[in-house]
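# Residue-level structural notes
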Amino acid sequence: MARYSAERKEAILKKLLPPQNMTVAEVAKSEGVSSKTLYHWRDELRKKGQPVPGKTLTSDDWSAEAKLAVIIQTASMSEVEMSRYCREKGLFKEHILEWKADCLGGFESSQSQTKKIKIQAKADKDEIKLLKSELRYKDKALAETAALLVLRKKLNALWGGDEES
(Lines give C-alpha, C1' and ligand atoms only; values in the text may rest on other atoms or scores of the structure.)
Protein backbone atom coordinates (compact mmCIF):
# COMPACT_ATOMS: atom_id res chain seq x y z
CA MET A 1 0.00 0.00 0.00
CA ALA A 2 1.52 3.28 -1.12
CA ARG A 3 1.80 6.23 1.24
CA TYR A 4 1.38 9.75 -0.08
CA SER A 5 2.62 12.91 1.54
CA ALA A 6 0.09 15.54 2.53
CA GLU A 7 1.40 17.90 -0.16
CA ARG A 8 1.11 15.27 -2.88
CA LYS A 9 -2.36 14.30 -1.72
CA GLU A 10 -3.45 17.96 -1.75
CA ALA A 11 -2.01 18.49 -5.25
CA ILE A 12 -3.85 15.44 -6.55
CA LEU A 13 -7.13 16.50 -4.94
CA LYS A 14 -6.86 20.00 -6.45
CA LYS A 15 -7.24 18.40 -9.85
CA LEU A 16 -10.72 17.21 -8.84
CA LEU A 17 -11.76 20.72 -7.85
CA PRO A 18 -12.55 23.69 -10.06
CA PRO A 19 -11.20 25.16 -12.29
CA GLN A 20 -9.75 21.87 -13.60
CA ASN A 21 -12.76 19.73 -12.66
CA MET A 22 -11.13 16.51 -13.78
CA THR A 23 -13.00 13.29 -13.20
CA VAL A 24 -11.76 10.72 -10.71
CA ALA A 25 -10.92 8.33 -13.54
CA GLU A 26 -8.82 10.97 -15.34
CA VAL A 27 -6.90 11.88 -12.19
CA ALA A 28 -6.38 8.23 -11.29
CA LYS A 29 -4.96 7.51 -14.74
CA SER A 30 -2.72 10.60 -14.89
CA GLU A 31 -1.39 10.32 -11.32
CA GLY A 32 -1.21 6.55 -10.98
CA VAL A 33 -3.47 6.50 -7.91
CA SER A 34 -6.35 4.07 -7.60
CA SER A 35 -9.80 5.51 -8.06
CA LYS A 36 -10.93 3.97 -4.75
CA THR A 37 -8.24 5.98 -2.97
CA LEU A 38 -9.35 9.16 -4.69
CA TYR A 39 -12.99 8.56 -3.76
CA HIS A 40 -11.91 7.92 -0.17
CA TRP A 41 -9.88 11.14 -0.06
CA ARG A 42 -12.79 13.09 -1.56
CA ASP A 43 -15.18 11.67 1.02
CA GLU A 44 -12.75 12.60 3.81
CA LEU A 45 -12.72 16.19 2.56
CA ARG A 46 -16.51 16.26 2.54
CA LYS A 47 -16.63 14.98 6.11
CA LYS A 48 -14.30 17.78 7.15
CA GLY A 49 -16.74 20.26 5.61
CA GLN A 50 -14.71 21.13 2.54
CA PRO A 51 -16.74 22.14 -0.50
CA VAL A 52 -16.06 19.31 -2.90
CA PRO A 53 -18.26 18.85 -5.96
CA GLY A 54 -19.87 15.47 -6.36
CA LYS A 55 -20.51 13.56 -9.53
CA THR A 56 -21.53 16.68 -11.42
CA LEU A 57 -19.25 19.50 -12.39
CA THR A 58 -21.47 22.52 -11.80
CA SER A 59 -21.67 24.35 -8.49
CA ASP A 60 -25.49 24.32 -8.59
CA ASP A 61 -25.40 20.57 -8.05
CA TRP A 62 -23.29 20.74 -4.90
CA SER A 63 -24.75 19.25 -1.74
CA ALA A 64 -26.40 21.47 0.85
CA GLU A 65 -23.54 20.75 3.27
CA ALA A 66 -20.95 21.91 0.73
CA LYS A 67 -22.91 25.09 0.01
CA LEU A 68 -23.21 25.83 3.72
CA ALA A 69 -19.47 25.23 4.14
CA VAL A 70 -18.78 27.78 1.40
CA ILE A 71 -21.08 30.32 3.07
CA ILE A 72 -19.34 29.84 6.41
CA GLN A 73 -15.87 30.06 4.89
CA THR A 74 -16.65 33.24 2.97
CA ALA A 75 -18.65 35.00 5.68
CA SER A 76 -15.71 36.95 7.07
CA MET A 77 -13.85 37.49 3.79
CA SER A 78 -13.28 40.83 2.11
CA GLU A 79 -14.21 41.38 -1.54
CA VAL A 80 -10.67 40.58 -2.73
CA GLU A 81 -10.43 37.42 -0.63
CA MET A 82 -13.86 36.29 -1.76
CA SER A 83 -12.94 36.86 -5.41
CA ARG A 84 -9.79 34.81 -4.99
CA TYR A 85 -11.74 32.08 -3.20
CA CYS A 86 -14.33 32.01 -5.98
CA ARG A 87 -11.65 31.70 -8.65
CA GLU A 88 -10.03 28.81 -6.77
CA LYS A 89 -13.32 26.96 -6.35
CA GLY A 90 -14.74 27.77 -9.76
CA LEU A 91 -17.66 29.72 -8.31
CA PHE A 92 -19.23 33.08 -8.90
CA LYS A 93 -19.88 35.55 -6.13
CA GLU A 94 -23.54 35.53 -7.14
CA HIS A 95 -23.72 31.81 -6.33
CA ILE A 96 -22.56 32.43 -2.78
CA LEU A 97 -24.90 35.38 -2.29
CA GLU A 98 -27.82 33.34 -3.63
CA TRP A 99 -27.00 30.41 -1.33
CA LYS A 100 -26.75 32.77 1.63
CA ALA A 101 -30.14 34.30 0.81
CA ASP A 102 -31.62 30.81 0.53
CA CYS A 103 -30.25 29.89 3.95
CA LEU A 104 -31.59 33.06 5.54
CA GLY A 105 -34.91 32.56 3.79
CA GLY A 106 -35.06 29.07 5.23
CA PHE A 107 -34.56 30.38 8.75
CA GLU A 108 -37.16 33.10 8.29
CA SER A 109 -39.65 30.69 6.84
CA SER A 110 -39.14 28.26 9.69
CA GLN A 111 -40.02 30.96 12.23
CA SER A 112 -43.05 32.09 10.26
CA GLN A 113 -44.04 28.47 9.64
CA THR A 114 -43.99 27.80 13.38
CA LYS A 115 -46.24 30.79 13.95
CA LYS A 116 -48.61 29.70 11.15
CA ILE A 117 -48.71 26.17 12.52
CA LYS A 118 -49.73 27.44 15.96
CA ILE A 119 -52.47 29.63 14.46
CA GLN A 120 -53.70 26.75 12.31
CA ALA A 121 -53.70 24.36 15.29
CA LYS A 122 -55.89 26.80 17.27
CA ALA A 123 -58.27 27.20 14.32
CA ASP A 124 -58.44 23.41 13.95
CA LYS A 125 -59.21 23.00 17.66
CA ASP A 126 -62.03 25.55 17.43
CA GLU A 127 -63.44 23.87 14.34
CA ILE A 128 -63.33 20.44 15.99
CA LYS A 129 -65.12 21.82 19.04
CA LEU A 130 -67.84 23.32 16.83
CA LEU A 131 -68.22 20.12 14.80
CA LYS A 132 -68.50 18.00 17.95
CA SER A 133 -71.20 20.32 19.26
CA GLU A 134 -73.15 20.07 16.00
CA LEU A 135 -72.75 16.30 16.00
CA ARG A 136 -74.15 16.02 19.53
CA TYR A 137 -77.12 18.21 18.52
CA LYS A 138 -77.82 16.09 15.44
CA ASP A 139 -77.47 12.85 17.41
CA LYS A 140 -80.06 14.09 19.90
CA ALA A 141 -82.42 15.13 17.09
CA LEU A 142 -82.02 11.76 15.40
CA ALA A 143 -82.68 9.91 18.64
CA GLU A 144 -85.80 12.01 19.25
CA THR A 145 -87.08 11.34 15.72
CA ALA A 146 -86.48 7.61 16.09
CA ALA A 147 -88.32 7.59 19.42
CA LEU A 148 -91.30 9.40 17.88
CA LEU A 149 -91.44 6.93 14.99
CA VAL A 150 -91.37 3.98 17.39
CA LEU A 151 -94.12 5.53 19.53
CA ARG A 152 -96.24 6.21 16.44
CA LYS A 153 -95.92 2.59 15.32
CA LYS A 154 -96.81 1.33 18.80
CA LEU A 155 -99.79 3.67 18.97
CA ASN A 156 -101.00 2.55 15.58
CA ALA A 157 -100.55 -1.08 16.55
CA LEU A 158 -102.45 -0.51 19.78
CA TRP A 159 -105.38 1.31 18.18
CA GLY A 160 -105.23 -0.81 15.06
CA GLY A 161 -105.82 2.16 12.85
CA ASP A 162 -104.36 3.42 9.64
CA GLU A 163 -100.89 4.67 9.73
CA GLU A 164 -102.01 7.86 8.02
CA SER A 165 -104.74 8.90 10.47
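Heads up: the structure comes first, above all this text.
This write-up is about the structure you can find in this document. (Residues numbered from 1 in each chain as written. Predicted model: local features only at pLDDT ≥ 70, side-chain atom pairs only at ≥ 80, totals over all residues. Heavy atoms only, no water.)

### Notes on the overall build of the protein
- When helices and strands are counted, the protein shows 6 helices and 0 strands.
- When each of the 165 residues of the protein is scored for burial, the buried share is 21%.
- Taking the contacts inside the protein whose residues are at least 6 apart along the sequence as the reference set, 42% of them involve residues at least 24 apart.
- Carbon and sulfur atoms make up 58% of the accessible area of the protein, which totals about 13,100 Å². (Helix = DSSP H or I, 4+ residues; strand = E, 2+ residues; numbered from the N terminus. Buried < 20%, exposed > 50% of the residue type's maximum accessible area, 1.4 Å probe, protein only. Contact = heavy atoms within 4.5 Å. Areas by Shrake-Rupley, 256 points an atom, 1.4 Å probe, with all protein chains shown as cover.)

### Description of the nonpolar core
- Listed in full, the 10 residues of the largest apolar core are Ile12, Leu13, Leu16, Val24, Val27, Ala28, Val33, Leu38, Trp41 and Leu45.
- Sequence-distant contacts of Trp41, defined by excluding residues within four places in its chain, comprise Tyr4, Lys9, Ile12, Leu13 and Val33.
- If you look at the next biggest cluster of nonpolar residues, it comprises 8 residues, including Val70, Ile71, Met82 and Ile96. (Core = buried A, V, L, I, M, F, W, Y, C linked by side-chain atoms within 4.5 Å.)

### Comments concerning the packing of aromatic side chains
- Evaluated as defined, the whole model comprises 1 aromatic pair.
- Aromatic pair Tyr4 and Trp41: ring centres 5.4 Å apart, planes at 85 degrees, arrangement edge-to-face. Linking Tyr4 in the segment before α1 (6-14) with Trp41 in helix α3 (residues 35-47), this pair joins segments that are 37 residues apart in sequence.
- Relative accessible area serves as the criterion here: at 30%, Tyr4 is assigned to the partly exposed category.
- The class of Trp41 is buried, set by a relative accessible area of 7%. (Phe/Tyr/Trp six-rings, centres within 6.5 Å; stacked < 30°, edge-to-face > 60°.)

### A word on the pattern of salt bridges
- For the structure on display, the rule yields 5 salt bridges.
- Across the pair Glu79 and Lys93 runs a salt bridge whose closest N-O atoms are separated by 2.5 Å. A residue pair is termed long-range when its members are at least 10 positions apart, and Glu79 in helix α5 (residues 79-89) and Lys93 in helix α6 (residues 93-159) qualify at 14 residues.
- Relative accessible area serves as the criterion here: at 28%, Lys93 is assigned to the partly exposed category.
- Via salt bridges that share partners, Arg8, Lys15 and Glu31 belong to a single interconnected network. (Salt bridge = Lys/Arg side-chain N within 4 Å of Asp/Glu carboxyl O.)

### Structural notes on the packing of α1 against α3
- At a minimum axis separation of 11 Å, α1 and α3 run at an interaxial angle of 90 degrees. Considered as vectors, α1 and α3 are oriented roughly perpendicular to each other. Contacts between α1 and α3 pair Lys9, Ile12 and Leu13 from the former with Leu38, Trp41, Arg42, Glu44 and Leu45 from the latter.
- Considering only residue class, the contact of α1 with α3 consists of 5 nonpolar, no polar and 3 charged. (Axes fitted to C-alpha atoms, helices over the stretch in contact; angles between N-to-C directions. Parallel < 35°, antiparallel > 145°, perpendicular 65-115°, else oblique. Nonpolar A, V, L, I, M, F, W, Y, C, P; charged D, E, K, R; others polar.)

### Brief notes about a nonpolar patch on the surface
- Taken together, the side chains of Leu155, Leu158 and Trp159 define a hydrophobic patch exposed on the protein surface, amounting to about 420 Å² of accessible area.
- When you line up the elements, Leu158 lands in helix α6.
- A relative accessible area of 69% places Leu158 in the exposed class. (Patch = residues over 30% accessible without salt bridge, like charges linked within 9 Å, V, L, I, M, F, W, Y side chains within 5 Å.)

### Topic: the environment of His95
- As for its placement among the helices and strands, His95 is situated in helix α6.
- Placed 28 residues apart in sequence, His95 and Lys67 show a C-alpha to C-alpha distance of 9.3 Å.

### Concerning helix α2 (residues 24-31)
- Listing the buried residues of α2 in full gives Val24, Val27, Ala28 and Glu31. Buried residues along α2 cover an arc of 100 degrees about the axis, so they all sit on one side. Among the exposed residues of α2, those pointing more than 90 degrees away from its buried face are Ala25 and Lys29.
- Among the structural elements, α1 and α3 are those in contact with the buried residues of α2.
- Backbone geometry just after α2 places Gly32 at a positive phi near 75 degrees. (Arc of directions from axis to C-beta.)

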